[in-house]
Amino acid sequence: VFRFIATRAPDLQQPLRIVEVGTAFGGLANYLLQRLPRAQLYAVDPFLSGYDPSDRHAHAMAAIASKLGLNKTELSVAWASGMAYDLTARHG
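Report follows, based on the coordinates. The structure displayed is predicted, hence computed values, not measured ones.

## Points about the nonpolar core
1) Next: Grouped together as the largest cluster of nonpolar side chains are twelve residues: I5, A9, L16, I18, A29, L32, L33, L36, A39, L41, M83 and L87.
2) Next: In this structure L41 touches I18, A29, L32 and L33, once residues within four positions along its chain are discounted.

## Digging into the side chain of T23
1) Next: Structurally, T23 is set in the loop between β1 (17–21) and α2 (27–35).
2) Next: Given a relative accessible area of 7%, T23 falls into the buried group.
3) Next: Sequence-distant contacts of T23, that is, excluding residues within four places in its chain, are made with A29, A43, V44, D45 and M83.

## Here's the deal with the environment of F25
1) Next: Assignment of secondary structure puts F25 in the loop between β1 and α2.
2) Next: Given the relative accessible area of 58%, F25 is considered exposed.
3) Next: When the C-alpha positions of F25 and M83 are compared, they lie 7.6 Å apart, and in sequence the two are 58 residues distant.
4) Next: Residues contacting F25, with those up to four places away along its chain left out, are H57, W79 and M83.

## A look at helix α4 (residues 72–91)
1) Next: Taking 1.5 Å of rise per residue, 20 residues should cover 28 Å, and α4 covers 28 Å from first to last C-alpha, within 8% of that figure.
2) Next: All buried positions along α4 are accounted for by L75, S76, M83 and L87. Looking down the long axis of α4, one finds its buried residues gathered within 100° of arc, a one-sided arrangement. Within α4, the exposed residues directed more than 90 degrees away from the buried face are T73, Y85 and A89.

Parameters and conventions
- Residues numbered from 1 in each chain as written.
- Predicted model: local features only at pLDDT ≥ 70, side-chain atom pairs only at ≥ 80, totals over all residues.
- Heavy atoms only, no water.
- Core = buried A, V, L, I, M, F, W, Y, C linked by side-chain atoms within 4.5 Å.
- Buried < 20%, exposed > 50% of the residue type's maximum accessible area, 1.4 Å probe, protein only.
- Contact = heavy atoms within 4.5 Å.
- Helix = DSSP H or I, 4+ residues; strand = E, 2+ residues; numbered from the N terminus.
- Expected span 1.5 Å × (residues − 1).
- Arc of directions from axis to C-beta.

In structure tokens form, the structure reads like this:
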């Protein structure tokens, strides 16, 4: 993804707006912000625990929600808030 952006952006020193859909753990968002510090990145993930009972990640997150006594919406909000805090702390 970085190479794709780097070959198409006219000037990487200028601010870029990037939207990442399906960010999950934020790894790509973090990677891009490390290499493109002037970028404005919008990470979108319609994360809901238990969204697919056959998916290991969804099952694990549903177990965490249950252990913490959170419903799907509460876990989704907590997940998004934690990711926003982490990326902001790392990249401003």
